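# Coordinates in review
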Amino acid sequence: MPERQAPPQAMDSEPLTLMRALEWAFMLFAMLAASYAFALQRPVETLSWYLIYLTALGLFVLRYGTFLSAVWLAGPLLLWPVLAATSYFWSETPSQTLRATIQLTMTVLIASYIGGRFSIFDICRGLFWVTLACGLVSLLAILAKLGIAYDHNGIARGIFPHKNVLGGRMVLLLICSILLFALGWNRPLVLFAAGLCLVLTALSRSATSIVMMFGLCALAPVLLSWRSPGPMRLLAYLVAAMVAASGAWFVLSYGIDPTGLALDALGKERTLTGRSVLWDFATGLIAQRPVLGVGYNAFWDGNAGSFSSYIQYVMQQNLVNFHNSYLDITVQMGFVGLSVTLATGVWFGIVALKVLRHGGDATAALPAFFLAFVAVYSLSEYALFRQHSLIQILLGAILVASIRQAAELSEARLESTLTALGRGAARSPQSTGWRHS
């Protein structure tokens, strides 16, 4: 008979002690600050990261064994700050590159520590609570008609700096809600959170997030039934097909232009204005310095007379990135930086598939869901290779936690195999009629 799955309460790796409570508070607060929930209050955001750094250094010392092991597992991610630091020597603004490199290094180390101390299930719960809190506050701000809750076009953004950030956070909340619901964890609260996701995504009018919502609802039954019996998988595929058909019906019934929606999700417009022009600027910059780029975080320096200030003047917006991770990385770090990023994505995908294949509960699908989310979300937002970014923290934390879980699953399978072989060897003399002398 298959082993009975442990109840959700037993999946936390350690009992709640004072030290464990501090680590939970640290993880939740780091996720909250990295979500850009404080981005509209810059002094609060700056103070928050000073506090996170001080707490992190203390935890690194107190848990140095776990910290070093986690850093070892996240080794390839350290290439990112190393490459960023190297770009100091050709950066157009060396002081800005140095400061951003220190911040990126701390971001990677914090992510590694979280992945070394928390399981995938813990990280999923932590992300659920943080994004749920941000969603509730955003909804209240939108309903109260607060000025900060809307952008210059009157579109809802909640407590975040951009509508796409609000939409992206709600997609992450929906991912956690689906996995926790499948696990049976606090289902009434999870259903409420899923409803909140849909409402806020609609209010944000983020085309990228809307596309991801439909895709996620169609993909979820397939991934969650990966190891189920044949009839259950067939039912899941039918549900996925029904969701996809419902999305198509919605588009046709309400006269939505799917081509325009897809173009908007990719940052393109039919008139070739807006983000398309911004992407054209990025393409021209890449052509000038294709191999190593202009230096980490060195382009958007904000100095008068710089090319970045010219782009801001042309676009009539206070831009700080190209709204595309792949373009931003290539402008800053060239094709070398983009290659490192894509290689990390492939490595993450291999680990995610290993966990998904052998995982014992629904949260084993979190790495796969997250990778799919990042690949699409990066088309419209600068999220990767970025300091103090929630996506960057989740990338490292989920990766380290996934490697740990994959190793534990391999050890468990080996132990189970050896136990079965031992039992078989113990029974063999009786079954074959051998007799001890």
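Residues numbered from 1 in each chain as written. Predicted model: local features only at pLDDT ≥ 70, side-chain atom pairs only at ≥ 80, totals over all residues. Heavy atoms only, no water.

The number of helices and strands found in the chain is 16 helices and zero strands. Buried positions account for 49% of the 437 residues belonging to the chain. Across the chain, the fraction of contacts at a sequence separation of at least 24, relative to all contacts at a separation of at least 6, is 75%. If you sum the accessible surface of the chain, you get close to 21,100 Å²; carbon and sulfur atoms cover 68% of it. (Helix = DSSP H or I, 4+ residues; strand = E, 2+ residues; numbered from the N terminus. Buried < 20%, exposed > 50% of the residue type's maximum accessible area, 1.4 Å probe, protein only. Contact = heavy atoms within 4.5 Å. Areas by Shrake-Rupley, 256 points an atom, 1.4 Å probe, with all protein chains shown as cover.)

Summarising the model, the chain shows a mean pLDDT of 80, and 75% of its residues fall at 70 or more. Across the chain, the element-wise mean pLDDT spans from 47 in helix H11 (residues 258-265) up to 95 in helix H6 (residues 120-143). Confidence drops under a pLDDT of 50 for residues 1-11, and excluding neighbours within four residues, the segment shows 13 contacts in the predicted structure. In the predicted structure, residues 265-273 sits below a pLDDT of 50 and forms 20 contacts with residues beyond four places in sequence or in another chain. (pLDDT = per-residue confidence, 0-100.)

This part covers the environment of threonine 86. Within the fold, threonine 86 resides in helix H4 (residues 79-86). Given a relative accessible area of 34%, threonine 86 falls into the partly exposed group. Considering only alpha carbons, one finds threonine 86 and glycine 295, 209 residues apart in sequence, at a separation of 8.7 Å.

Turning next to the side chain of arginine 386. Mapping arginine 386 onto the fold places it in the loop between helix H15 (366-377) and helix H16 (390-432). Within the buried set, arginine 386 has no salt-bridge partner at all; the shortest N-O distance to an opposite charge, 5.6 Å, is to glutamate 381. When sequence neighbours within four positions are dropped, the list of residues in contact with arginine 386 reads Tyr36, Leu104, Thr107, Tyr296, Asn321 and Gln392. (Lys, Arg positive; Asp, Glu negative; His and termini not counted. Salt bridge = Lys/Arg side-chain N within 4 Å of Asp/Glu carboxyl O.)

In terms of nonpolar packing, the biggest core is built from 109 residues, with Ile110, Ile123, Phe370 and Phe373 touching the most fellow members. With 13 residues, the single largest contributor to this core is helix H7 (residues 163-183). Those residues in contact with phenylalanine 373 that sit more than four places away from it in its chain are Gly168, Val171, Leu172, Ile175, Met212 and Ile391. Among the nonpolar cores identified, the runner-up in size contains 14 residues, and Trp279, Phe281, Phe322 and Val331 belong to it. (Core = buried A, V, L, I, M, F, W, Y, C linked by side-chain atoms within 4.5 Å.)

The next point concerns the packing of aromatic side chains. Within the structure shown, the criterion is met by 16 aromatic pairs. A centroid spacing of 6.1 Å and a plane angle of 50° characterise the contact between phenylalanine 348 and phenylalanine 370, whose relative ring orientation is tilted. On the criterion of sequence distance, the pair formed by phenylalanine 348 in helix H14 (residues 325-358) and phenylalanine 370 in helix H15 is long-range, its members being 22 residues apart. Like phenylalanine 370, phenylalanine 348 is buried. Among the aromatic side chains, those forming a connected cluster through ring pairs are Phe26, Phe60, Phe67 and Tyr113. In this arrangement the basic side chain of arginine 187 is found over the ring face of phenylalanine 181, its NZ or CZ atom lying 4.5 Å from the centre. (Phe/Tyr/Trp six-rings, centres within 6.5 Å; stacked < 30°, edge-to-face > 60°. Lys NZ or Arg CZ within 6 Å of the ring centre and 35° of its normal.)

What follows covers helix H1 (residues 18-34). Three- or four-residue spacings in an α-helix give side chains the same orientation, since the helix completes a turn every 3.6 residues. Taking 1.5 Å as the rise per residue, H1 with 17 residues should run 24 Å; its terminal C-alpha atoms sit 24 Å apart, in good agreement. Listing the buried residues of H1 in full gives Arg20, Glu23, Trp24, Phe26, Met27, Ala30, Met31, Ala33 and Ala34. Note on H1: the residue one or two positions beyond its end, tyrosine 36, has a positive phi of about 70°. (Expected span 1.5 Å × (residues − 1).)

The contact between H1 and helix H5 (residues 94-117) brings their axes to 11 Å, and the two run at 135°. In this view, H1 runs oblique relative to H5, as classed from their interaxial angle. H1 and H5 meet at a crossing whose hand is left-handed. Between H1 and H5, the residues in contact are Arg20, Glu23, Phe26 and Met27 and Ile110, Tyr113, Ile114 and Arg117, respectively. (Axes fitted to C-alpha atoms, helices over the stretch in contact; angles between N-to-C directions. Parallel < 35°, antiparallel > 145°, perpendicular 65-115°, else oblique. Left-handed = near helix turned anticlockwise from the far one by under 90°.)

Below, the discussion takes up the environment of threonine 55. Relative to the helices and strands, threonine 55 is located in helix H2 (residues 42-62). Overall, threonine 55 belongs to the partly exposed group, its relative accessible area being 23%. Taking the C-alpha atoms as reference points, threonine 55 and phenylalanine 26, 29 residues apart in sequence, are found 7.4 Å from one another.

Once that is clear, we can look at the environment of glycine 195. When you line up the elements, glycine 195 lands in helix H8 (residues 187-204). Along the sequence, glycine 195 and leucine 174 sit 21 residues apart, while their C-alpha atoms lie 8.8 Å from each other.

A separate point is unusual backbone geometry. In this structure, lysine 145 takes a positive phi of about 60° despite not being glycine. With respect to the helices and strands, lysine 145 occurs in the loop between H6 and H7. Given a relative accessible area of 65%, lysine 145 falls into the exposed group. Of note, asparagine 186 is a non-glycine position whose phi angle comes to about 45°, a positive value. Relative to the helices and strands, asparagine 186 resides in the loop between H7 and H8. Overall, asparagine 186 belongs to the partly exposed group, its relative accessible area being 39%.

With that out of the way, let us pick up a nonpolar patch on the surface. A cluster of nonpolar residues, Tyr88, Phe89, Leu98 and Ile102, forms a patch on the protein surface that exposes about 450 Å² of accessible area. Residue placement: isoleucine 102 occurs in helix H5. (Patch = residues over 30% accessible without salt bridge, like charges linked within 9 Å, V, L, I, M, F, W, Y side chains within 5 Å.)

A few words now on the packing of H6 against H7. The N-to-C vectors of H6 and H7 enclose an angle of 130°; their axes lie 9 Å apart at closest approach. With respect to H7, the axis of H6 lies oblique. Judged by the twist between their axes, the crossing of H6 over H7 is left-handed. From H6, Phe121, Cys124, Arg125, Leu127, Phe128, Thr131, Leu132, Gly135, Ser138 and Ile142 reach across to H7, where they touch Leu166, Arg169, Met170, Leu172, Leu173, Cys176, Ser177, Leu179, Leu180 and Leu183. When grouped by side-chain class, the residues that make up the contact of H6 with H7 number 14 nonpolar, four polar and two charged. (Nonpolar A, V, L, I, M, F, W, Y, C, P; charged D, E, K, R; others polar.)

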